[in-house]
Amino acid sequence: MVKIYNLYIFNNAGTLLHYAEWNRTKQSGITREHEAKLMYGMLFSIKSTNKYALHFYETPTGTKFVLNTDSTAGKMTEFLKNLNSQIFVEYAVKNPMVDLSQPIKNDLFSAKLDAFIKGSSLYVS
Amino acid sequence: MSRQTSRLDAKKVNSELFTLTYGALVTQLIKDVDNVDDVNKQLERMGYNIGVRLIEDFLARSGSGKCYDFRDTSEKIQLATRMYLGVSPTISNWSPSGDEFSLVMDNNPITDFVELPDSHMGLKYSNMLLGVIRGSCEMVQLEVSCWFVQDQLKGDNTTEIRVKLLRKLEDSVPAGED
């Protein structure tokens, strides 16, 4: 059994041909057209790889992590949680010189993040 | 500071150094800003800036998810106080509508060596704590207001912080192109 929330059908030009929803409790607060455009935009940019998995993790404060991997990946929630607690919190949040309302330009953060990903047992190039 | 889990032990800070550092900061602020009300305001603002970042650390360490109600929130604040200040406040005096509670501390560690001189009775020495609560709650879409009901520095038996939920903030929607 699975809960079905909503369905988008797009044509090849990105026009939303049909939209339907069931059991959708949360509205996005933007117009349907805009939401469809955002959804299509995401698909468009993601489609350059044929097979992928998109992993999403959001902290209660609203920081969002989106990780794209190949489709062999299992559940990556734990991985993203660790990325948050060991890298983002430690090297971005706790560094008062990092402005969290702006893109992070911090070499230490980038280096640690890179090392975290490459040092992970899951990583293959 | 005595912290809860052994995982945090590597980062222990001597509690007297912490207490004295806070004291030095308040003292310097009083020298720089001569109006006590402004000192209170500045302390609160500094706390706010700490709170908006500290909550990220709290959530990462405690693994907390979203709160279901304000009672849930009060327990998280209690846990956070234990983690970061090493004291366990009691939660009491809930308002009937459940939007307001008190955090009562028998002992406020940041005031360990402090006695307020008569000339500074208007000083809210621990005002930074209120800012921390306000800042961290704001990051999880809760607008709260906090004030001191009792303060051991003013001769009360306990330190009592009142926390009131004003409203829930809406998740921000990304700006559209149009």
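Structure shown above.
Residues numbered from 1 in each chain as written. Chains lettered and ligands numbered in written order. Predicted model: local features only at pLDDT ≥ 70, side-chain atom pairs only at ≥ 80, totals over all residues. Heavy atoms only, no water.

**A look at the pairing of strand 4 (residues 159–168) of chain B**
If a strand is regular, its side chains alternate between the two faces of the sheet. Residues and elements named next belong to chain B. Note that strand 2 (residues 100–105) and strand 4 share six bridges and pair antiparallel. Among the inter-strand pairings, phenylalanine 101 is bridged to a residue of strand 4, identified as valine 163. Examined bridge by bridge, strand 3 (residues 142–150) and strand 4 share eight bridges and lie antiparallel to one another. Each bridged residue has a counterpart across the sheet, and for glutamine 150 the counterpart in strand 4 is glutamate 160. (Pairing = 2+ DSSP bridges. Helix = DSSP H or I, 4+ residues; strand = E, 2+ residues; numbered from the N terminus.)

**Some words on helix 3 (residues 107–119) of chain A**
Taking 1.5 Å as the rise per residue, helix 3 of chain A with 13 residues should run 18 Å; its terminal C-alpha atoms sit 18 Å apart, in good agreement. With a side-chain oxygen lying 3.1 Å from the backbone nitrogen of Leu108(A), the N-terminal cap of helix 3 of chain A falls on Asn106(A). (Expected span 1.5 Å × (residues − 1). Polar contact = N/O pair within 3.5 Å; in protein donor to acceptor, adjacent residues only side chain to side chain.)

**Re the interface of chain B and chain A**
In this assembly, 18 residues from chain B lie in contact with 21 residues from chain A. Between chain B and chain A, the buried area comes to about 1,400 Å², and carbon and sulfur atoms account for 54% of it. Counting across the interface, chain B meets chain A through one salt bridge. Our count for the chain B to chain A interface comes out at seven residue pairs in polar contact (both at pLDDT 80 or more). Tallied by class, the residues present in the side of chain B that touches chain A amount to six nonpolar, four polar and eight charged. (Contact = heavy atoms within 4.5 Å. Buried area = accessible area lost by both parts, 1.4 Å probe. Salt bridge = Lys/Arg side-chain N within 4 Å of Asp/Glu carboxyl O. Nonpolar A, V, L, I, M, F, W, Y, C, P; charged D, E, K, R; others polar.)

**Observations regarding the side chain of Ser120(A)**
Considering the arrangement of structural elements, one finds Ser120(A) in the segment after helix 3. A polar contact of 3.0 Å, which involves the side chain of Ser120(A), links it to the backbone nitrogen of Leu122(A).

**What to know about unusual backbone geometry**
Residue and element names in this part refer to chain B. A positive phi angle, near 55°, is found at asparagine 93, a position not held by glycine. For asparagine 93, the position within the fold is in the loop between strand 1 (90–92) and strand 2. In this model, glutamine 141 sits at a positive phi of 65°, which is unusual for a non-glycine residue. Take glutamine 141: it is sitting in the loop between helix 4 (127–139) and strand 3.

**Structural notes on the nonpolar core**
One finds Ile133(B), Val144(B), Ile161(B) and Val163(B) to be the most contacted residues of the largest nonpolar core, which totals 30 residues. Of all the secondary structure elements, the ones that give two or more residues to this core are helix 1 (15–32), helix 2 (36–62), helix 3 (70–85), strand 2, helix 4, strand 3 and strand 4 of chain B. Element by element, the count of residues in this core is highest for helix 4 of chain B, at five residues. In this structure, Ile161(B) is in contact with Phe101(B), Ser102(B), Leu103(B), Met105(B), Leu130(B), Ile133(B), Cys146(B), Trp147(B) and Phe148(B), ignoring residues within four places of it in sequence. Within the second largest apolar cluster, 14 residues are counted, among which are Tyr57(A), Ile87(A), Val93(A) and Phe116(A). (Core = buried A, V, L, I, M, F, W, Y, C linked by side-chain atoms within 4.5 Å. Buried < 20%, exposed > 50% of the residue type's maximum accessible area, 1.4 Å probe, protein only.)

**Quick notes on the pattern of salt bridges**
Residue and element names in this part refer to chain B. Scanning the entire structure with this criterion turns up eleven salt bridges over all chains. For the salt bridge of arginine 162 with glutamate 100, the shortest nitrogen-to-oxygen distance reads 3.0 Å. Of this pair, arginine 162 sits in strand 4 while glutamate 100 sits in strand 2, and the two are 62 residues apart along the sequence. Judged on exposure class, the residue arginine 162 and its partner glutamate 100 are both buried. Glutamate 100 serves as the salt-bridge partner of lysine 164, at 3.6 Å between the closest nitrogen and oxygen. Of this pair, lysine 164 sits in strand 4 while glutamate 100 sits in strand 2, and the two are 64 residues apart along the sequence.

**Considerations on the packing of aromatic side chains**
Inspection of every chain in the model, using the stated rule, returns twelve aromatic pairs over all chains. Ring geometry for Phe70(B) and Trp94(B): centres 6.2 Å apart, planes at 85°, overall edge-to-face. Taken together, the residues span a long stretch of sequence, with Phe70(B) in helix 3 and Trp94(B) in the loop between strand 1 and strand 2 at a distance of 24 residues. For Phe70(B), a relative accessible area of 6% corresponds to the buried category. Connected via pairs of aromatic rings, a cluster forms that spans Tyr8(A), Phe10(A), Tyr19(A), Tyr40(A) and Phe44(A). The ring centre of Trp94(B) lies 4.3 Å from the NZ or CZ of Arg71(B), which sits over that ring. (Phe/Tyr/Trp six-rings, centres within 6.5 Å; stacked < 30°, edge-to-face > 60°. Lys NZ or Arg CZ within 6 Å of the ring centre and 35° of its normal.)

**Considering helix 1 of chain B**
Residues and elements named next belong to chain B. For helix 1, built from 18 residues, the straight-helix expectation of 26 Å at 1.5 Å per residue is met to within 8% by its first-to-last C-alpha distance of 26 Å. Within the span of helix 1, buried status applies to Thr19, Tyr22, Gly23, Val26 and Leu29. The arc that holds the buried residues of helix 1, viewed along the axis, is 125°, so those residues lie on one side. For helix 1, exposure combined with an orientation more than 90 degrees from the buried face picks out Leu17, Leu20, Lys31 and Asp32. Check the buried side of helix 1 and you find it contacts helix 2 and helix 4. Its side-chain oxygen placed 2.8 Å from the backbone nitrogen of glutamate 16, asparagine 14 serves as the N-cap of helix 1. (Arc of directions from axis to C-beta.)

**Describing the sheet that holds strand 3 of chain B**
Residue and element names in this part refer to chain B. Sheet architecture is open: four strands sit in the order 1-2-4-3, paired in antiparallel fashion. In this open sheet, the two edge strands, each paired with only one partner strand, are strand 1 and strand 3. Along the sheet, successive strands turn relative to each other by an average axial angle of 30°, direction set aside. Across three bridges, the pairing between strand 1 and strand 2 is antiparallel. Following the sheet pairing, serine 92 is matched in strand 2 by serine 102. Of the strands in this sheet, strand 1, strand 2, strand 3 and strand 4 are in contact with helix 3, which crosses strand 2 at around 20°. Sheet strands touched by helix 4: strand 2, strand 3 and strand 4. Its angle to strand 3, the strand with the most contacts, is close to 160°. (Axes fitted to C-alpha atoms, helices over the stretch in contact; angles between N-to-C directions.)

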